[in-house]
Each structure stands twice: as structure tokens, then as C-alpha cells.
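# Structural features, examined
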Amino acid sequence: LIIPNIFLLAGLGVFLFKPDDKQALLLALMFGMFYGAIRAIDPSFAGESMLLVVVILCVHVVSVFLWPVFLHFFQIFPEPSDLIKRAPRLEAWLYVPHLLLIFPYFTLLNLLVAFAPDRSVYFRLTYAAFGHVGLAVATLYIAGGLLSLLMNYRQAGRPSRRRMRVVVAGSIAGFLPMFIAIGLSGLFDLRKNDPRLAQ
């Protein structure tokens, strides 16, 4: 309970501090969606009341947007990247792969696990390829975000670099292990071969 609450409180603090700032909003969303996105990949609602199931389900569905939000944030932090400057509409297009390849599968998976757990087993087995594709795209989003962060850091002036150091270190420490874990899970199907490692 401690780590999710730290992320939620940090996100709320960032949002309250600068509610009208796009960078602050995206950063707050990243913090707020972090834990829910991890849980949405392999959801479980066993033993929860119907009200709590609905609340957790809504959190999972919204949190699945973490991956494009992560890339979006680092495309405009601390300044818009060269890609965004050349093609401002790219900010919206960043979400298209997510809406086509990640959102449908994991939303349906969470709905089935919540309300029809027996059918969710068949769904996972029959459409496992869609899950692997979704995880691969999520991994690409994380890789793209970290690459954007490092490129922005290299191009930033000395004052901006000082402000970015904590963000660079924290993002690499927080997201690189997750990037590796998701990549390994997709490549070696850890959930099937060793469920303890997949957790």
C-alpha cells in the first residue's frame, strides 16, 4: 500500500501545484496511473465487493493510458522535442497505437476478469497473441520515453540540466526495471512458465 500511495500523493501534489500546466498534468497522470497500469496487465478482483470491483476496474482501464502518457510527457519535457516542434499534431497521434493495440485487449481482459472470470481464462488462451503485441507496444512506449528523456537532457542547457537530473535519475531507476520486466515477460511468457517471476 505504501508505494501506490506515494505515487498517488506525488501526482496529486504536482497537479495541485500547477493545475493549468500541460507538463505538470502529464506528470501527475503518470504518477497517478503507474500502479494501476501494472495491475491492469494481470488483473485480479477475487474477494472484493462489487463496489470495489467497479472502482478498481475503472482505475485499471484509465491507468492503461500510462504508456502513451509516459512518451508524451518526455516529448515535451523540459521543452518540446524537435519532432513535436516540426509536427505538433504528433502529440495526438502518439495515442493511436495505444488505442488500436493496447487499450481494447486489456480493457476487455479486465472486464472479463471482473465479471466473467471463467470466460477470462478462455480469452487469455485464445487471444494471447494480442496480449503479447500490447506488451510489446507498451515496451516501445517506455523505450521511446526514456530515449526522449536522454536526448532532451543532452540537448538542454546547463540550467535545464540541473532541473532535469532528478527526473532523469528517478525515471531511469523507476521505469528501466519495468521496461526490462515487461520485455522479458513478453519474450519468455513468464506468466506461463514461472508465475512468481512474472509478478
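So, here is what we can say about the structure in this document.

What counts as what
- Residues numbered from 1 in each chain as written.
- Predicted model: local features only at pLDDT ≥ 70, side-chain atom pairs only at ≥ 80, totals over all residues.
- Heavy atoms only, no water.
- Helix = DSSP H or I, 4+ residues; strand = E, 2+ residues; numbered from the N terminus.
- Buried < 20%, exposed > 50% of the residue type's maximum accessible area, 1.4 Å probe, protein only.
- Contact = heavy atoms within 4.5 Å.
- Areas by Shrake-Rupley, 256 points an atom, 1.4 Å probe, with all protein chains shown as cover.
- Patch = residues over 30% accessible without salt bridge, like charges linked within 9 Å, V, L, I, M, F, W, Y side chains within 5 Å.
- Salt bridge = Lys/Arg side-chain N within 4 Å of Asp/Glu carboxyl O.
- Lys, Arg positive; Asp, Glu negative; His and termini not counted.
- Charge placed at Lys NZ, Arg CZ, Asp CG, Glu CD.
- Axes fitted to C-alpha atoms, helices over the stretch in contact; angles between N-to-C directions.
- Parallel < 35°, antiparallel > 145°, perpendicular 65-115°, else oblique.
- Nonpolar A, V, L, I, M, F, W, Y, C, P; charged D, E, K, R; others polar.
- Core = buried A, V, L, I, M, F, W, Y, C linked by side-chain atoms within 4.5 Å.
- Expected span 1.5 Å × (residues − 1).
- Bend = angle between axes of the 7 residues up to and from the residue.
- Polar contact = N/O pair within 3.5 Å; in protein donor to acceptor, adjacent residues only side chain to side chain.

## Looking at the overall build of the chain
The number of helices and strands found in the chain is 13 helices and 0 strands. Order of helices (α) and strands (β) in the chain, N terminus to C terminus: α-α-α-α-α-α-α-α-α-α-α-α-α. Counting every position in the chain, which comprises 199 residues, the buried fraction comes to 37%. Contacts spanning at least 24 positions in sequence make up 71% of the contacts within the chain whose residues lie at least 6 apart. Accessible surface, the chain: about 12000 Å² in total, of which carbon and sulfur atoms supply 69%.

## Examining a positive patch on the surface
Taken together, Arg154, Arg158, Arg161, Arg162 and Arg165 make up a surface patch of like positive charges. Broken down by element, the positive patch gets its largest block of residues, 4 residues, from helix H11 (residues 158–188). Relative to the helices and strands, Arg154 resides in helix H10 (residues 128–155). According to the relative accessible area criterion, Arg154 is exposed, its value standing at 68%.

## Notes on the packing of helix H3 (residues 50–63) against helix H8 (residues 103–115)
For the pair H3 and H8, the least separation of the axes is 10 Å and the interaxial angle reads 170°. One element, H3, and the other, H8, form an angle in the roughly antiparallel class. Mapping the contact onto sequence places Met50, Val53, Val54, Leu57, His60 and Val61 in H3 and Phe103, Thr107, Asn110, Leu111, Ala114 and Phe115 in H8. Of the residues assigned to the contact of H3 with H8, the class counts are 9 nonpolar, 3 polar and no charged.

## Remarks on the nonpolar core
If you look at the biggest cluster of nonpolar residues, it comprises 41 residues, and the most contacted ones within it are Met30, Leu66, Trp67, Phe74, Ile102 and Phe106. Broken down by secondary-structure element, the contributors of at least two residues to this core are helix H2 (22–41), H3, helix H4 (66–76), H8, H10 and H11. The greatest single-element share of this core, amounting to 8 residues, is contributed by H4.

## Details of H2
In this model H2 runs 27 Å from its N-terminal to its C-terminal C-alpha over 20 residues, within 8% of the 28 Å that 1.5 Å per residue would give. Of all the bends in H2, the greatest, near 45°, is centred on Met33. Where H2 is concerned, the buried positions are Ala24, Leu26, Ala28, Met30, Met33, Phe34, Gly36, Ala37 and Ala40. Taking the backbone nitrogen of Gln23 as reference, a side-chain oxygen 3.0 Å away marks Asp21 as the first, capping residue of H2.

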